[in-house]
Amino acid sequence: MTIASMEKVEVFTSEGKGRGLKTTKELWAADVVFAEPAYSAVVFDSFTQVVCHTCFKRQEKLQRCGQCKFAHYCDRTCQKDAWLNHKNECAAIKKHGKPPSENIRLAARIMWRIEREGTGLTEGCLVSVDDLQNHVDNFGEEEQKDLRMDVDSFLNFWPPQSQQFSMQYISHIFGVINCNAFTLSDQRGLQAVGVGIFPNLCLVNHDCWPNCTVIFNNGKIELRALGKISEGEELTVSYIDFLNISQERKKQLKKQYYFDCTCEHCEKGIKDDLFLAVKEDPKPSQDVVKEVTQFSKDTLEKIDKARSEGLYHEVVKLCRECLQKQEPVLADTNIHVLRILSIASEVLSYLQSFQEASDYAKRMVDGYMKLYHPNNAQLGMAVMRAGLTHWHAGLIEAGHGMICKAYAILLVTHGPTHPITKDLEAMRIQSEMELRMFRQNEFMYYKMREATLSNQKMQIMAEPSAETGVPTFLKKP
């Protein structure tokens, strides 16, 4: 079993936040603060047959567990590595007749591990599962109802011969999952495919403008520094996407994680002016701004519905109408404009209307650059997609520039060994070669480009969905 190395950090009491982690040595951008394997993790219900239950890689052909017929693995090695964690689950699924939901499976795996090892500190962990926050006392009526249903489902699944836990303890574990679970991505980092508990990571407090980021790489999470961090400084990550006004971020954090964010960006409303920016010349009236903002919100609801039904041409039509309405009123850093630009560029890329998609992607990236931390993982992924869209549109110079920019960001946020960084390095080399050819001989370039496109050297965008491009950060499963 892999053990986390924690020599660069120590636990301390963070003012107003409770426990936190601080660094014991100076760190620089791209440094791995620590890497941690999951205490327990499971594949999401919707991916159980297409994602390996050990390494979380997507594979076309997976081997199925011959006993329970539920767990799937890349090969015998992954199946063998999984047996310690799958053994009890396998027998319980066979007896139960069907697998329970991901929440129940994760809780059961945690408790089987506690049954094996006890409730104390496990090797490499700075905190035990017993000592993690559960926030059950803060649950509202609806959450309490969901908790009772989860506990009932768990008790129906949990074998009578296994160690029996109190209702209070079972509730604690579900509370821990509710506010400490971390989404795991597939090997390319493009899709959330599972959920796990990482005790050391749970000690890292939130900041909307953090000094670290978290990425899932090769079966472990990595906490990576985004810039210089002085010795003794608190380590922070963002539990949510920064792309929202401070009031909305605070509301989301309170609802999902039960605390009031007091970070500098929330307290001072830093960048809120950009998120709410309107055109300056001529400046629209407040009533017009209010009307267009509401129109944008209503359109997003219609887009979500059309998207869920796979009506992508309808999505494009709604985006065009909304952007036309926004154009004379809202600035390009306005959150409502950016949301529509993001959807429009993604869906048009999927429909292979790359020219129009690239225009929207360029505007979106220009807005993001003014808002995100320069080494933000979501920014890097957005710039990468925009670069790829420009490449497909035949805009090789702009495309290459964006691919290089994305590569520089992902070297910090993901590191050179992550599969998406390796993919991006291959794209960078290819687009650099094409750019040289384009500058030397445009005719030869377009000939080569036709051949490349027919061989599909660069992958066309995947079908847009709610799951595509989900960033790997702390969130409820």
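Residues numbered from 1 in each chain as written. Predicted model: local features only at pLDDT ≥ 70, side-chain atom pairs only at ≥ 80, totals over all residues. Heavy atoms only, no water.

The name an unreviewed UniProt entry gives the protein is [histone H3]-lysine(4) N-trimethyltransferase, with Sarcophilus harrisii as the organism. Here is the UniProt Catalytic activity (unreviewed entry) comment for the protein, exactly as written: "L-lysyl(4)-[histone H3] + 3 S-adenosyl-L-methionine = N(6),N(6),N(6)-trimethyl-L-lysyl(4)-[histone H3] + 3 S-adenosyl-L-homocysteine + 3 H(+)". Quoted straight from UniProt, the Subunit (unreviewed entry) entry for the protein says "Interacts with HDAC1, HDAC2 and HDAC3. Interacts (via MYND-type zinc finger) with NACA isoform skNAC." (UniProt positions renumbered as here; feature names shortened; annotations may be inferred.)

## Structural notes on the overall build of the protein
What the protein contains, in helices and strands, is 16 helices and 12 strands. Scaling as 2.2 N^0.38, a compact globule of 477 residues should have a C-alpha radius of gyration of about 23 Å, and the protein matches this with 24 Å. Considering only C-alpha atoms, the protein reaches an extent of 70 × 50 × 50 Å along its principal axes. Relative to its full complement of 477 residues, the protein shows a buried share of 53%. Contacts in the protein between residues far apart in sequence, at least 24 positions, make up 68% of those at least 6 positions apart. When the accessible surface of the protein is totalled, it reaches about 22500 Å², and 49% of it is carbon and sulfur. (Helix = DSSP H or I, 4+ residues; strand = E, 2+ residues; numbered from the N terminus. Rg over C-alpha atoms; globule rule 2.2 N^0.38 Å. Buried < 20%, exposed > 50% of the residue type's maximum accessible area, 1.4 Å probe, protein only. Contact = heavy atoms within 4.5 Å. Areas by Shrake-Rupley, 256 points an atom, 1.4 Å probe, with all protein chains shown as cover.)

## Comments concerning the domain arrangement of the protein
Split into domains, the protein comes out as domain 1 (39–197) and domain 2 (273–455). Its C-alpha centre places domain 1 at a distance of 36 Å from the equivalent point of domain 2. The partner domain 2 presents seven residues to the four residues of domain 1 that form the contact. Roughly 410 Å² is buried in total at the junction of domain 1 and domain 2, and carbon and sulfur atoms are behind 53% of that figure. Where domain 1 meets domain 2, there are zero salt bridges. Grouping the constituent residues of the side of domain 1 that touches domain 2 by class yields one nonpolar, two polar and one charged. (Domains from an automatic or database assignment. Buried area = accessible area lost by both parts, 1.4 Å probe. Salt bridge = Lys/Arg side-chain N within 4 Å of Asp/Glu carboxyl O. Nonpolar A, V, L, I, M, F, W, Y, C, P; charged D, E, K, R; others polar.)

## A closer look at the UniProt feature "domain: MYND-type" (unreviewed entry) in the protein
UniProt records the feature "domain: MYND-type" (unreviewed entry) for residues 52–90 in the present numbering. With 38% helix and 10% strand, residues 52–90 has end C-alpha atoms that lie 15 Å from one another.

## Examining the sheet that holds strand 8 (residues 192–197)
Read from one edge to the other, the open sheet built from three strands follows the order 4-8-7, with strand pairing classed as antiparallel. Strands at the two margins of the open sheet, each flanked by one partner only, are strand 4 (40–43) and strand 7 (182–185). Ignoring strand direction, the axes of neighbouring strands in this sheet form an average angle of 30°. Examined bridge by bridge, strand 4 and strand 8 share four bridges and lie antiparallel to one another. Paired with Ala 41 across the strands is Gly 196, a residue of strand 8. Helix-sheet contacts for helix 2 (residues 102–117) involve strand 4 and strand 8, and the interaxial angle to strand 4 is about 155°. (Pairing = 2+ DSSP bridges. Axes fitted to C-alpha atoms, helices over the stretch in contact; angles between N-to-C directions.)

## Some remarks on the sheet that holds strand 3 (residues 32–37)
Ordered by their spatial adjacency, three strands build an open sheet running 3-11-10, and the pairing between neighbours is antiparallel. Among the strands making up the open sheet, the edge pair consists of strand 3 and strand 10 (212–217). Pairs of neighbouring strands in the sheet enclose a mean axial angle of 20°, with direction left out of account.

## A few points about the packing of aromatic side chains
Evaluated as defined, the whole model comprises 15 aromatic pairs. Between the aromatic rings of Phe 165 and Tyr 169, the centroid separation amounts to 5.4 Å while the plane-to-plane angle is 20°, which identifies the pairing as stacked. Residue Tyr 169 is classed as buried on the basis of its relative accessible area of 15%. Ring geometry for Tyr 312 and Tyr 350: centres 5.2 Å apart, planes at 75°, overall edge-to-face. In this pair, Tyr 312 sits in helix 10 (residues 312–326) while Tyr 350 sits in helix 11 (residues 335–350), placing the two residues 38 residues apart along the sequence. You can call Tyr 350 partly exposed: its relative accessible area is 26%. Put simply, the rings of Trp 112, Phe 154, Phe 157, Trp 158, Phe 165, Tyr 169 and Phe 174 pair up and form one aromatic cluster. Directly above the ring of Phe 295 sits Lys 325, whose terminal nitrogen or CZ lies 5.1 Å from the centroid. (Phe/Tyr/Trp six-rings, centres within 6.5 Å; stacked < 30°, edge-to-face > 60°. Lys NZ or Arg CZ within 6 Å of the ring centre and 35° of its normal.)

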